[in-house]
Amino acid sequence: MSAARDMLCDTTRTVLAGADDIAPVEEAGFALLLVAEDEGGFGGDWGDANAVLHIAGMLAPDLPVADVILSGLGDVSMPHRAAATVGLMAGAMGQALSLSIDHVNTRQQFGRRLGKFQAVQQSLAVMACEVAAVDAAAAAMAARLDATGFDAEAAGFEIAAAKLRANRAVGVVTAIAHQVHGAIGFTEEYDLCRVTIPLMRWRGEHGNDAHWARTLGRQVAALGGRGLWEGLTARAG
Amino acid sequence: MQSFALYPFDPPGDTVALRTDLRAWLAANQPTDDVVARANCWASFDPDFSRALGAAGYVGMTLPAIYGGGDRHPLERYVVIEELLAAGAPVGAHWIADRQTGPLILRYGSEEQRQRYLPGIAKGELYACIGLSEPGAGSDLAAVRTSARETSEGWRINGQKIWTTGAHLSHVILALVRTEEGSERNAGLSQLLIDLDTPGVTIRPIIDMAGNHDFNEVFFDDVLVPHGALVGERGQGWKQVTAELGLERSGPERYLSSHALLVALIDAAGADPDPAVAGLIGELTAEMWTLRQLSMSTAAKLAAGEDPMVEASVVKELGNAFEQDMPRRVQAIVNFDWDDEDDLARLLRALLIASPSFSLRGGTREVIRGIIARGLGLR
């Protein structure tokens, strides 16, 4: 982990808060985030990129922040774009959960706060599990990309698994977020659609469920049943 | 718990060598190749295997050497546990004693209790069961009514436990009992170590819907145990038990106990599966890989001395859902007749029948989601 990550996250929040186009992101030099220091870059690792993308997914999901960061890599492959999208998706899902919790803690119905209803609590717990899973997948994928020097082919297993896991979480997260919000969450003016529409879009970008499921499945089939476990433990941990 | 902060899983020592040595040991000592026996293996009771595993140093790994333990780091134990589960080793006999009872006795027990129980646990020879549930107190554990009254001779126990896994094969039960007359809910509860051969203890089998005998009813009829049977502090039983449940909910058994089915599916599919089967293998792998990250992170947090109650519940919730879904999803895609006798079919049948239990043991799904909701600030 880069020592400067906390500062980087503060900067990212400042730059993205209220930004309505990509210019401030470009001006702040995010294209240099993944460029090595001896090449004049920031020298960040994929964990840093993941942290920035997480914030971008929360605060500015419509801005092409991932494109700016990846531009520093030069030769960018589809798996790199998928990996960056996982970071955005984790952030957007965290924001959907956060908005949902705020809403049920303030909105009253039937004389009680919505959050006091067991059915609502159970739904949000399910959603929180999905968000936790995507966070964990994004972090583990980032660790692998760092261990391989951003080599998307060497990290192909983790990228496939993380993008597929994130894709599969989208349905649950968006459905529950909108369900607990009721009609207000379906309005243009309310913040929820700012993250749920991008989530629906990202699920199909840089590899949909079928693409990554088959890619990963073929890779695993080639390893054989026992080989899956041996392969998994040899890659990390 | 707005964001699941991933704790780095960083065991000391040479983990690669640890895995290699254990795999070689298992290749020489694994008692069965039968796929059904390998599935749900943490319920498979095999004292010979447990004793051999203990002699090889893979049981009681985290206990201090003065009690016969291995003085190893909890994350080294984690590595060993996931290897045993992935290989489908029959670890059921010593499982609860090694996972919960041993660490709990070390943390809260008296010196006498440590010397009496820990060496046998570390050898893989002394087995324990967990006395929590009662007919009126399952998911609502604070409704425990089994009473223990302190007399001049010791504790006198009356009441009943139920759903006690392995009581008929265990030596000792760690029971949650009400030690303060008239106390309510989670106050006035304590933990007692009761040897199961004590007069007045009766164990009756409950056969499950798969025809297996794991569960039991345990009756206490004026059972007298010494004063020294009290574990930890009188009245602190609730706190001790909830800490114990963190160990029970987040381990690799929550997603690896049915790993044999994924292995069998991959082997049956061959090196070049059709797209639908490849897709299912990919989906199951992505979920299993993610669960492993969550479980390892929670283990690392536990090892750092923190109490990851919510994270442990997330692992149990997602792990249970994964293991319950897996047989159904495999059945939906492979050609399978209920009465087929090939490996994949026998395994699928066994896991379809076993799967309803996965989200019951260690806290029902609704209770677990309630704990997560509390972590979200909703309760």
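Located above this text is the structure these notes cover.
This one's a predicted model, so the numbers in the text were calculated from it and none came from an experiment. Counting from 1, residues in each chain are numbered in the order their sequence is written. Going through the entries in the order they are written, you letter the chains from A and number the ligands from 1. Only residues with pLDDT of at least 70 are given local features in this predicted model, and only at 80 or more are side-chain atom pairs given and counted; all residues enter the totals for whole chains, interfaces and linings. The basis for the side-chain values is all heavy atoms of the structure; hydrogens and waters are excluded.

Undergrad: What is the right way to read the overall build of chain B from this model?
TA: When you go through chain B residue by residue, the secondary structure sums to 13 helices and eight strands. When the 379 residues of chain B are sorted by exposure, 58% land in the buried category. Counted over contacts in chain B with a minimum sequence separation of 6, partners at least 24 positions apart contribute 74%. As presented, chain B carries roughly 14600 Å² of accessible surface, and 50% of it is formed by carbon and sulfur atoms. Charge counting treats Lys and Arg as positive and Asp and Glu as negative, with His and both chain ends excluded. Charge placement uses NZ in Lys and CZ in Arg. For Asp and Glu, CG and CD serve respectively. Side chains of chain B carry 34 positive and 51 negative charges; the gap between the two charge centres is 6 Å. Helix and strand definitions follow DSSP, with helices as H or I runs of at least four residues and strands as E runs of at least two, each counted in order from the N terminus. The buried label applies to any residue whose accessible area, calculated with a 1.4 Å probe on protein chains only, is under 20% of its type's maximum; exposed applies above 50%, and partly exposed to all values in between. By definition, residues are in contact when any of their heavy atoms lie within 4.5 Å. Method for areas: the Shrake-Rupley scheme with a 1.4 Å probe, in which residue coverage is limited to the protein chains shown.

Undergrad: Sorry, what's going on with the pattern of salt bridges here?
TA: Pairs may arise between side chains of opposite charge once their charged atoms sit close together. We define a salt bridge as a contact between a side-chain nitrogen of Lys or Arg and a carboxyl oxygen of Asp or Glu at a distance within 4 Å. Across all of its chains, the model carries 41 salt bridges over all chains by this definition. The partner of B:Arg346 in a salt bridge is B:Asp343, with the nearest N and O atoms 3.4 Å apart. Note that B:Arg346 and B:Asp343 are positioned in helix H12 (residues 343-354) at a spacing of three residues, about one turn of the helix. Assessed through its relative accessible area of 43%, B:Asp343 is described here as partly exposed. Residues participating in the shared-partner salt-bridge network are A:Arg226, A:Glu230, B:Arg19, B:Arg23, B:Glu82, B:Glu83 and B:Arg292.

Undergrad: What am I meant to see in the interface of chain A and chain B here?
TA: Accessible area lost upon the coming together of the parts is a frequently used measure of interface size. If you look at the interface, chain A gives 48 residues, while chain B gives 49 residues. In short, buried area is how much 1.4 Å probe accessible area vanishes from two parts on joining, totalled over both. At the boundary of chain A with chain B, total buried surface from both sides reaches about 4000 Å², with 69% on carbon and sulfur atoms. For the chain A face of the interface with chain B, the top three residues by lost area are A:Gln122, A:Cys129 and A:Trp229, together amounting to 15%. One can count three salt bridges joining chain A with chain B. Among the ionic pairs, A:Arg168 bridges to B:Glu287, the shortest N-O distance being 3.5 Å. Elements represented by at least two residues in the side of chain A that touches chain B include exactly helix H5 (78-106), helix H6 (118-147), helix H7 (156-181), helix H9 (209-223) and helix H10 (225-235) of chain A. Broken down by element, the side of chain A that touches chain B gets its largest block of residues, 16 residues, from H6(A). When the residues that make up the side of chain A that touches chain B are grouped by side-chain class, the tally is 28 nonpolar, ten polar and ten charged. As a working rule, the residues Ala, Val, Leu, Ile, Met, Phe, Trp, Tyr, Cys and Pro are called nonpolar, Asp, Glu, Lys and Arg charged, and the rest polar, with Gly in that last group.

Undergrad: Please clarify how a positive patch on the surface should be interpreted in this entry.
TA: For patch detection, residues must exceed 30% relative accessible area and be free of salt bridges, and they are connected within 9 Å for like charges or within 5 Å for nonpolar side chains (Val, Leu, Ile, Met, Phe, Trp, Tyr). On the surface, A:Arg113, A:Lys116, B:Arg374 and B:Arg379 cluster together into a positively charged patch. Within the secondary structure layout, B:Arg374 lies in helix H13 (residues 365-375).

Undergrad: Teacher, can you tell me more about the environment of B:Ala24 here?
TA: Residue and element names in this part refer to chain B. Within the secondary structure, Ala 24 sits in helix H1 (residues 15-29). Residue class for Ala 24 comes out partly exposed when judged on its relative accessible area of 49%. Through-space distance from the C-alpha of Ala 24 to that of Leu 245 is 32 Å; in sequence the pair is 221 residues apart.

Undergrad: It is not clear to me how the side chain of B:Thr298 should be interpreted in this structure. Could you clarify?
TA: Residues and elements named next belong to chain B. By secondary structure assignment, the location of Thr 298 is in helix H10 (residues 275-303). Of the residues examined, Thr 298 reaches a relative accessible area of 1% and is grouped as buried. Any pair of nitrogen or oxygen atoms within 3.5 Å is treated as a polar contact; in protein, a donor-acceptor pairing is required on top of that, and neighbouring residues in sequence qualify only through side-chain atoms on both sides. A distance of 2.8 Å separates a polar side-chain atom of Thr 298 from the backbone oxygen of Leu 294.

Undergrad: Explanation requested: unusual backbone geometry in the structure shown.
TA: The backbone of A:Phe150 shows a phi angle near 65°, a positive value even though the residue is not glycine. Relative to the elements of secondary structure, A:Phe150 occurs in the loop between H6 and H7.

Undergrad: Even after reading the chapter, I still don't get the packing of aromatic side chains, so can you show me in this structure?
TA: When we look at a pair of aromatic rings, we describe it by the centre distance and by the angle of the planes. Only rings of Phe, Tyr and Trp enter the pairing, Trp through its six-membered ring, and a pair is recorded when the two centres are within 6.5 Å. The plane angle decides the type: under 30 degrees is stacked, over 60 is edge-to-face, the rest tilted. Going through the model one piece at a time under the given rule, you end up with nine aromatic pairs over all chains. An angle of 65° between the planes, with centres 5.7 Å apart, marks the rings of B:Trp25 and B:Phe49 as edge-to-face. Taken together, the residues B:Trp25 in helix H1 and B:Phe49 in helix H3 (residues 47-55) connect sequence positions 24 residues apart. Grouping residues by exposure puts B:Trp25 and B:Phe49 together as buried. An angle of 50° between the planes, with centres 5.9 Å apart, marks the rings of B:Trp42 and B:Trp95 as tilted. Linking B:Trp42 in the loop between helix H2 (35-38) and H3 with B:Trp95 in helix H5 (residues 92-108), this pair joins segments that are 53 residues apart in sequence. Residue B:Trp95 is classed as buried on the basis of its relative accessible area, which comes to 3%. Sitting over a ring, as applied to charges here, requires NZ of Lys or CZ of Arg to be within 6 Å of the ring centre and within 35 degrees of the ring normal. The cationic tip of A:Arg112 hangs over the ring face of A:Phe117; the distance from NZ or CZ to the ring centre is 4.2 Å.

Undergrad: What is the right way to look at helix H8 (residues 192-204) of chain A in this model?
TA: Residues and elements named next belong to chain A. If you check which residues of H8 are buried, you get Leu 192, Cys 193, Val 195, Thr 196, Pro 198, Leu 199 and Trp 202. Where H8 is buried, its residues meet helix H3 (46-59), H5 and H7. At the exit of H8 stands His 206, carrying a positive phi of roughly 55°.

Undergrad: Is there a simple way to explain the state of the cysteines in this structure?
TA: Two cysteines whose sulfur atoms are joined by a covalent bond form what is called a disulfide. Cysteine sulfur atoms that pair up within 2.5 Å are treated as a disulfide. Following the criterion strictly, the structure yields zero disulfides over all chains and no others. The closest cysteine sulfur to the non-disulfide-bonded B:Cys41 is located on B:Cys129, 20 Å from its own sulfur.

Undergrad: What's the story with H7(A) in this structure? I'm lost.
TA: Note: α-helices contain 3.6 residues per turn, so residues at a spacing of three or four share the same orientation. Residues and elements named next belong to chain A. Between the first and last residue of a helix there are one fewer steps than residues, each counted as 1.5 Å, and that sum is the expected span. Over its 26 residues, H7 extends 37 Å from the first C-alpha to the last, a length consistent with the 38 Å expected when each residue adds 1.5 Å. Remark: the principal bend of H7, roughly 30°, maps to Ala 169. For H7, a buried count of 21 out of 26 residues is recorded, marking the element as mostly surrounded by other parts of the structure. Positioned one or two residues after H7, Gly 182 has a phi angle of 70°, which is positive. In this scheme, the bend at a residue equals the angle between the axes fitted to the seven residues that finish there and the seven that begin there.

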